[in-house]
Amino acid sequence: MTTDRSSAEFGKFQSEYSPESAGTAAARSALAGFFGRSDLVREFLVAPFGRHSAELGLILEVMRSQPVAGKWIAIMTRPYSEWCAARWSLDLPMRVVEVAPARFQSREEVERWVFKQRWQHLIGPLPMQEGGDDV
């Protein structure tokens, strides 16, 4: 991954803009039981595409079914060689209003970043590993 800013800024970046319309109370309630489940975060980070456990599948379904307004998305910026993450506006007409401070060299990398942002928005802080680092 090639970053334009340090990875330490990612956590700050996500918390600066947290639209309530992008994560409904019902979705947060449905996902509340997954708080602290580092095993599910790790499962996605290891294999963003393909088959997932039933629990991770449920989380992904809820994340992906949220309203488009304010949602983080992955965008290919150079054909099959560079991606970025961007956030949709909260109002119409829909437009990109924010771009993540990084460029990614694979679709898997950008999907991992978007997943982390959505997890933090709907479930809470990323679970900590035994060494004290975020997964």
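Residues numbered from 1 in each chain as written. Predicted model: local features only at pLDDT ≥ 70, side-chain atom pairs only at ≥ 80, totals over all residues. Heavy atoms only, no water.

1. A closer look at the packing of aromatic side chains
Per the stated rule, a full pass over the model turns up four aromatic pairs. Aromatic pair W72 and W113: ring centres 4.9 Å apart, planes at 85°, arrangement edge-to-face. Linking W72 in strand β2 (residues 72-78) with W113 in helix α5 (residues 107-122), this pair joins segments that are 41 residues apart in sequence. Across the pair, W113 and W72 agree in class, each one buried. With a centroid separation of 6.4 Å and 50° between ring planes, the pair formed by F104 and W113 is classed as tilted. Grouping residues by exposure puts F104 and W113 together as buried. Grouped by ring-pair contacts, the aromatic residues F44, F115 and W119 constitute a single cluster. (Phe/Tyr/Trp six-rings, centres within 6.5 Å; stacked < 30°, edge-to-face > 60°. Helix = DSSP H or I, 4+ residues; strand = E, 2+ residues; numbered from the N terminus. Buried < 20%, exposed > 50% of the residue type's maximum accessible area, 1.4 Å probe, protein only.)

2. Some words on the environment of Q66
Position of Q66 relative to the elements: it lies in the loop between α4 (54-64) and β2. A sequence separation of 42 residues divides Q66 from T24, and the C-alpha atoms of the two residues are 7.5 Å apart. A distance of 3.2 Å separates the side chain of Q66 from the backbone oxygen of V62, its partner in a polar contact. (Polar contact = N/O pair within 3.5 Å; in protein donor to acceptor, adjacent residues only side chain to side chain.)

3. Let's talk about the pattern of salt bridges
Close approach of charged atoms allows side chains with opposite charge to pair. Counting across every chain of the model gives seven salt bridges. Several salt bridges share partner residues, and in doing so they unite R37, D39 and E55 into one network. (Salt bridge = Lys/Arg side-chain N within 4 Å of Asp/Glu carboxyl O.)

4. Let's talk about unusual backbone geometry
At the junction of L92 and P93, the peptide bond is cis and its omega measures out at -5° in the coordinates. Topologically, P93 is positioned in the loop between β3 (82-88) and β4 (96-99). Phi is positive for Y80, which is not a glycine, with a value near 55°. When you line up the elements, Y80 lands in the loop between β2 and β3.

5. Details of the packing of α4 against α5
When two helices pack together, their arrangement is given by the angle between their axes and by how far apart the axes lie. Between α4 and α5, the shortest axis-to-axis distance is 11 Å and the interhelical angle comes to 85°. With respect to each other, α4 and α5 are oriented roughly perpendicular. Note on element contacts: α5 touches α4 through F115, R118, W119 and L122, opposite L56, I59, L60, M63 and R64. Of the residues belonging to the contact of α4 with α5, the class tally is seven nonpolar, no polar and two charged. (Axes fitted to C-alpha atoms, helices over the stretch in contact; angles between N-to-C directions. Parallel < 35°, antiparallel > 145°, perpendicular 65-115°, else oblique. Contact = heavy atoms within 4.5 Å. Nonpolar A, V, L, I, M, F, W, Y, C, P; charged D, E, K, R; others polar.)

6. Examining the confidence of the model for the chain
For the chain, per-residue confidence averages 85 on the pLDDT scale, and 78% of positions sit at 70 or higher. Segment residues 1-18 is flagged for pLDDT under 50; beyond a separation of four residues in sequence, or across chains, it makes 35 contacts in the model. (pLDDT = per-residue confidence, 0-100.)

7. Quick word on helix α3 (residues 38-46)
Since the α-helix packs 3.6 residues into each turn, any two residues three or four apart lie on the same face. Listed in full, the buried residues belonging to α3 are S38, L40, V41, F44 and L45. Viewed end-on, α3 has its buried residues packed into an arc of 165°, placing them on one side of the element. (Arc of directions from axis to C-beta.)

8. Some remarks on the environment of F44
Inspection of the secondary structure puts F44 in helix α3. Assessed through its relative accessible area of 2%, F44 is described here as buried. Between the C-alpha atoms of F44 and R112, which are 68 residues apart in sequence, the distance is 7.5 Å. If we skip the residues at most four places from it in the chain, F44 touches H52, L56, L60, R64, E111, R112 and F115.

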